[in-house]
Amino acid sequence: MGPDEIAGILGLPISRELLGRDLLRMAYVAKDGSPRNIPIAFTWNGSAVVVCTSKNAPKLASLRGNPEVALTIDTEVHPPKILLIRGRAELDVVEGIPEEYLRMNGSYGMTAEQRVEWEAEVRSLYDGMVRVVITPTWVKLIDFENTLPTAVEELIRERAARQGA
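Calculation notes
- Residues numbered from 1 in each chain as written.
- Predicted model: local features only at pLDDT ≥ 70, side-chain atom pairs only at ≥ 80, totals over all residues.
- Heavy atoms only, no water.
- Pairing = 2+ DSSP bridges.
- Helix = DSSP H or I, 4+ residues; strand = E, 2+ residues; numbered from the N terminus.
- Contact = heavy atoms within 4.5 Å.
- Axes fitted to C-alpha atoms, helices over the stretch in contact; angles between N-to-C directions.
- Buried < 20%, exposed > 50% of the residue type's maximum accessible area, 1.4 Å probe, protein only.
- pLDDT = per-residue confidence, 0-100.

### Some remarks on the sheet that holds strand β3 (residues 43-44)
Turning to step 1, where the next piece is worked out: Here seven strands make up an open sheet; going across it, the order is β2-β1-β5-β6-β7-β4-β3 and the pairing antiparallel. The open sheet has two free edges, formed respectively by β2 (35-41) and β3, since each of these has just one partner strand.
Turning to step 2, where the next piece is worked out: Bridge analysis of strand β4 (residues 49-54) against strand β7 (residues 128-142) gives six bridges, and the strand direction is antiparallel. Each residue of the ladder has a partner; that of Val 50, found in β7, is Val 133.
Turning to step 3, where the next piece is worked out: Most of the contacts of helix α3 (residues 58-65) go to strand β1 (residues 23-29), to which it runs at about 55°, and overall it touches β1, β2, β4, β5 (68-74), β6 (82-95) and β7.

### As for the side chain of Thr 43
Turning to step 1, where the next piece is worked out: Summarising the element assignment, Thr 43 is placed in strand β3.
Turning to step 2, where the next piece is worked out: Thr 43 gets classed as buried once you look at its relative accessible area, which sits at 11%.
Turning to step 3, where the next piece is worked out: Thr 43 has contacts with Ala 48, Val 49, Val 50, Glu 100, Arg 103 and Met 104, leaving out every residue within four places of it along the chain.

### With respect to the confidence of the model for the chain
Turning to step 1, where the next piece is worked out: Taken as a whole, the chain shows an average pLDDT of 93; of its residues, 97% reach a score of 70 or greater.
Turning to step 2, where the next piece is worked out: Element-level pLDDT for the chain is lowest in helix α4 (residues 99-104), with a mean of 86, against a maximum mean of 98 in β5.

Here it is, written out as structure tokens:
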């Protein structure tokens, strides 16, 4: 999938809405070869998905060994809106708390007082973090109006062929 096609899909209004959400699910292969799928806060910087994690997170060793990831961002309504992203994780160890981390955790239902307490706790806990930057290499938007899962599209084509025969 080329960069222009990726940008076109990610620029659609539904994609932009999904990229503005708080959480995604990130799938990767653990060091023992078994699959993992974790919910994690994220932000979209216009060209990449950024997640931040502690420097001792077990997923980092896995991502160093195999940086390929698959991301899912979706809604909880029917029909769901689903954005699927595949990409390669690049790890960036930073001192202090990345601004993305503070920003990506800003839309939860915290009062101003809770926000101050949360940020103070974060700053006292972490001396640094790892920014995991994922540049999309493949994307698919499923909205069940204009786009469907690939297997369903195939079934529709097969049904049309049977009915046309």
